[in-house]
Amino acid sequence: MTTFAHDYTEQILHRGRVFMDPVDFVPNWTDKPRKQKFYPDADRLPLGTAPYPADASVDAGLHGEETHRLGHDLDTLGALLQDSYGLSGRRLGIQANTDLGGLPWYVDANWSRGTASGGGLYPVAIYLVAGPSSDLVPGIYHYSPSHHALQRLLVGDVSGDVRAALGGRCDDTDTFLVLGIKYWQNAFKYNSFSFHAVTMDVGTVLGTWRLWSRARGAAVEPHLWFDEPALAHLLGVEPTLEGIHAVVPLGGPGAVTTAAPTGARVAVRDHEKSRVSFGFEAVETMQAETQAGCLDVPTPASLDAARPTFPAPDDGSLVALPPPRPMPADVRAALRERRSSFGRFQGDPMPAEDLGALLAAGQAGAVASEATPTSEGSRGITTLYAFVNHVDGVAPGAYRYHPAEHALEPVVAGPQGRFLQDNYFLSNYNMEQAGAVIVPTVRTHAVLDAVGSRGYRLVNATIGAVSQATYTAAAALDTGCGVALGFDNISFIELLGLEESGEKPLLVMAVGRERGAEGDFGSSLVPAHVEAGA
């Protein structure tokens, strides 16, 4: 059955050729919203930044074992939130992005964070529902990135309300992180396109949390299907204006209560800075349609028909990649260094082992969810393609990556720099100067057919997590990386011959060597390594 989510997918893919409504929209930059929700009447509880284990490497974050659920003590929560969504420093460097002229001014300061965000808007709202076994007074808290503090919104044990919304799937804990999206924080700039962008932002946060936790041996297992209207009521938000996108159960010591649902509701409201705010039909329709299927919880087998099935060719055409270069840097240090290249690529060849490491990182970085396969060797829903410009030992061309063989399958021979640049919408990158451009694809329509319209959130969360893993790995390798959504998706489908498979290219990730001595200014708010007791 064709749904609006199917239609919206096609609108997104064709937007480079057919403008999305409203075609004459211009952002009102003088009345833009804040980059976070603001609760002026809420008490604030400052958080610390605990030491991060030096052996919690990026390699472990991508490929390590998960032996226990992430804890909910304040040291762990403070470190996790600071390293993922808290402000970590201010940057000012010579680069090719269009906002360069405003960066020296304080009001336009570019505050860096460990997690990437579409347009640097950071629209994800992070809530903590704390139960009796946590270190906090039971209740609901909102994380304020600018203060690195928790704002208390409600006092009382409402963990039973969250467990009820999850349908009894997390009765072994009483503390949860909840991710919401207040759409106006992104829609003021990106209008109808914003639902596509913000659902990837959810994935970048979950991807960071998974990397950060797995490197410490802990698991982050987000739930994307739950009683969304019930949680919207609990958090005191209007469901048409703010979607609740993920619930992450937290473990830790202490007895779990069996509190029943209370029906409570947060009474305090956030203060909107914009004098005028409004919605967009496409965003409101996608929110309503994806919320409607919130109780149709998939299983690991639900997506079997939507997973890519590309056997590696046995005709000798595969290009074997060398083993990935090790990434021993700890995850915190890599997140502190993560940034977008914005036109700094220099066109020199990058090592093939670095390209292999980035491809393996992207493949390993996908979001876990209710539909994640549990059997060894089962494929996720993504396929990675690499447009090689300048890579040692690999001829220019477009390739499909086979993770099991750690090898590239040639798809289109010859230099692709002109194609990449002609089909990129902005002027902040010279795509030909990148060592390679990695393009993740998903069979989006097949996912929607398999699990319903809410699968759109899963698709984009997965792609966001892939981009976050790639960004973090690039920082660990001291390699440039830039992720963009502004390209002609249809041209990529045509060039790669993806019409029959139904794969949809959803973003481009340029990687490679950067120019040095660019005159960067950087001021860190939090050091990469925090000593015990500091």
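Before reading further, recall that the structure is shown in the block above.
A few points on the structure.

What counts, and where the lines are drawn
- Residues numbered from 1 in each chain as written.
- Predicted model: local features only at pLDDT ≥ 70, side-chain atom pairs only at ≥ 80, totals over all residues.
- Heavy atoms only, no water.
- Helix = DSSP H or I, 4+ residues; strand = E, 2+ residues; numbered from the N terminus.
- Rg over C-alpha atoms; globule rule 2.2 N^0.38 Å.
- Buried < 20%, exposed > 50% of the residue type's maximum accessible area, 1.4 Å probe, protein only.
- Contact = heavy atoms within 4.5 Å.
- Polar contact = N/O pair within 3.5 Å; in protein donor to acceptor, adjacent residues only side chain to side chain.
- Axes fitted to C-alpha atoms, helices over the stretch in contact; angles between N-to-C directions.
- Parallel < 35°, antiparallel > 145°, perpendicular 65-115°, else oblique.
- Left-handed = near helix turned anticlockwise from the far one by under 90°.
- Nonpolar A, V, L, I, M, F, W, Y, C, P; charged D, E, K, R; others polar.
- Salt bridge = Lys/Arg side-chain N within 4 Å of Asp/Glu carboxyl O.

### Regarding the overall build of the protein chain
- In terms of regular secondary structure, the protein chain is built from 14 helices and 19 strands.
- Computed over the C-alpha atoms, the radius of gyration of the protein chain is 22 Å, within 12% of the 24 Å expected from 2.2 N^0.38 for a compact globule of 534 residues.
- The buried share of the protein chain, reckoned over its 534 residues, is 59%.
- Sequence separation of at least 24 residues holds for 83% of the intrachain contacts in the protein chain that already meet a minimum separation of 6.

### Regarding the environment of D161
- Counting through the fold element by element, D161 comes out in helix 4 (residues 159-165).
- Classification of D161 by relative accessible area gives buried; the value is 11%.
- Each residue touching D161, except ones within four places of it in the same chain, is listed here: L231, L234, A260, P261, T262, G263 and A264.
- A polar atom in the side chain of D161 sits 2.9 Å from the backbone nitrogen of G263.

### Observations regarding the pairing of strand 16 (residues 480-484)
- Most of strand 16 is tucked away, with 5 of its 5 residues classed as buried.
- Residue alternation in strand 16 divides its side chains into two sets, G480, G482 and A484 and C481 and V483, and both sets are buried.

### Focus: the packing of helix 3 (residues 74-84) against helix 6 (residues 194-214)
- Running from N to C, helix 3 and helix 6 cross one another at 130°; their axes reach a closest spacing of 10 Å. Considering the angle they form, helix 3 stands oblique to helix 6. Viewed along their axes, helix 3 and helix 6 form a crossing whose handedness is right-handed. Contacts from T76, A79, L80, L81, D83 and S84 in helix 3 reach T208, W209, W212 and S213 in helix 6.
- For the contact of helix 3 with helix 6, the class distribution of residues is 5 nonpolar, 4 polar and 1 charged.

### Remarks on the pattern of salt bridges
- By the definition in use, this model includes 21 salt bridges.
- A salt bridge links R214 to E66; its shortest N-O distance comes to 3.1 Å. Of this pair, R214 sits in helix 6 while E66 is found in the loop between helix 2 (58-63) and strand 2 (68-69), placing the two residues 148 residues apart along the sequence.
- For R214, a relative accessible area of 9% gives the class buried.
- Taking relative accessible area as the criterion, E66 reaches 32% and is therefore assigned partly exposed.
- Between E409 and R400 there is a salt bridge, with its nearest N and O atoms 3.1 Å apart. In terms of burial, E409 and R400 fall into one category: buried.
- Beyond isolated ion pairs, a larger network of salt bridges with shared partners links R17, D488 and E494.

Such coordinate-based values are descriptive only and should not be taken to indicate function.
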